[in-house]
Amino acid sequence: MGSIKKMDDTIELYNILGKLDSPIQHIGGISATAELLEMLSLKKNEYILDVGCGGGYTACLIAEKYECRVEGIDASPVMIENARRRAEKRKLEDLVTFQLADVYQLPFKDNKFDCAFFESFLNVLPGDREAALAEIARVVQFGGRIGGNELVTTPDIPEEIQEEVNHLTPYLGNFMNPEELKALFQRAGLSSIIFHQYPASKISSNMLMGDSRKLMGISGLASYLVRMVVAYFRHIKLRSYSKYSRIVLKDKKTRKYFGYAFIVGQK
Ligand SMILES: C[S@@+](CC[C@H](N)C(=O)[O-])C[C@H]1O[C@@H](n2cnc3c(N)ncnc32)[C@H](O)[C@@H]1O
């Protein structure tokens, strides 16, 4: 899988998306973040890692809401720039730090964090997810929590839909179904696994648009949409990604095969 699906291409896509500067890029939007944070049982002053942090929305939210110290890493330099700008604007630089890093080589010592989490991260990762989760687990202390919110498919998703999406975005990971996601956590040696799944009917592109309006304001959303149209015509990768998003979020014939799942385990 990893040999044909190039990380450079993945990062190029996220640099393009990062230039659009949408605050969140994960399935389920604001309410999914709230639910994941609840499941992670965050406590005041804990030390938290956001893996594939994107534009830093969740890392900043955690610092504000829980007064935790948060580190965010992402392999896209544009995302890291956006995240740093967000933390600066919210005057959170003392609590939140962002670094350019690859999940396979986290720049942290073993057992450093109380909790590590990710949102729509493993499902886009084209490389070895087991190795990625092992590296995340390495930096979490024993007894600490690791959790995520990930796009999943129903077990009966037709092969031709999988193939169409793989063909459109070969630099994003293949889909996982809920059982595969759970098995991944089990193989990483995580225990006390809590799992919760939402069907496709909970995902909609309108919901994401509503969240974007809430976070960016009407004028922010309008200028985002203009940037999106310009980028759409400029970048073939964005056109393919838009088709992928249509299959997952919009098209009634295909979106019924998708959903998202929350999973939390203990090291
Ligand atoms: C779907 S976005 C989600 C971003 C953010 N978690 C959010 O919810 O808005 C996936 C993120 O993973 C990052 N990413 C992809 N491969 C990575 C890798 N090997 N190491 C670190 N980050 C990576 C991308 O740059 C992108 O920002």
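Keep in mind it's a predicted model, so treat the numbers as computed, not measured.

**Focus: the packing of helix 6 (residues 159-168) against helix 9 (residues 236-250)**
- Interaxial distance between helix 6 and helix 9 falls to 9 Å at its minimum, and their mutual angle equals 155°. Considering the angle they form, helix 6 stands roughly antiparallel to helix 9. Of the two elements, helix 6 crosses helix 9, and the hand of that crossing is left-handed. Taking contact as the criterion, the partners of I161, E164, V165 and L168 in helix 6 are, on helix 9, S240, K243, Y244 and I247.
- Considering only residue class, the contact of helix 6 with helix 9 consists of five nonpolar, one polar and two charged.

**Topic: the environment of R138**
- Mapped onto the elements, R138 comes out in helix 5 (residues 129-138).
- Judged by the 15 C-beta atoms lying within 10 Å of it, R138 is partly exposed.
- On a C-alpha basis, the gap between R138 and K112 in space is 8.6 Å, while along the polypeptide they are 26 residues apart.

**Notes on the nonpolar core**
- With 64 residues, the main nonpolar core has I62, A116 and I136 as its most contacted residues.
- Setting aside residues up to four positions removed in sequence, I136 forms contacts with V51, V103, A116 and I146.

**A look at the pairing of strand 1 (residues 47-51)**
- Summarising burial for strand 1: four of the five residues are buried, a large majority.
- As judged from the five bridges shared by strand 1 and strand 2 (residues 69-74), these two strands associate in the parallel manner. Each bridged residue has a counterpart across the sheet, and for V51 the counterpart in strand 2 is I73.
- Each parallel crossover has a hand, and the one from strand 1 via helix 3 (residues 57-66) to strand 2 is right-handed.
- Sheet analysis places strand 1 next to strand 4 (residues 113-119), joined by three bridges and oriented parallel. Across the sheet, L49 pairs through a bridge with A116, a residue of strand 4.

How each quantity is defined
- Residues numbered from 1 in each chain as written.
- Predicted model: local features only at pLDDT ≥ 70, side-chain atom pairs only at ≥ 80, totals over all residues.
- Axes fitted to C-alpha atoms, helices over the stretch in contact; angles between N-to-C directions.
- Helix = DSSP H or I, 4+ residues; strand = E, 2+ residues; numbered from the N terminus.
- Parallel < 35°, antiparallel > 145°, perpendicular 65-115°, else oblique.
- Left-handed = near helix turned anticlockwise from the far one by under 90°.
- Contact = placed C-beta atoms within 7 Å.
- Nonpolar A, V, L, I, M, F, W, Y, C, P; charged D, E, K, R; others polar.
- Buried ≥ 20, exposed ≤ 12 C-beta atoms within 10 Å, placed from the backbone.
- Core = buried A, V, L, I, M, F, W, Y, C linked by C-beta atoms within 7 Å.
- Pairing = 2+ DSSP bridges.
- Right-handed = clockwise from strand over helix to strand, strands pointing away.

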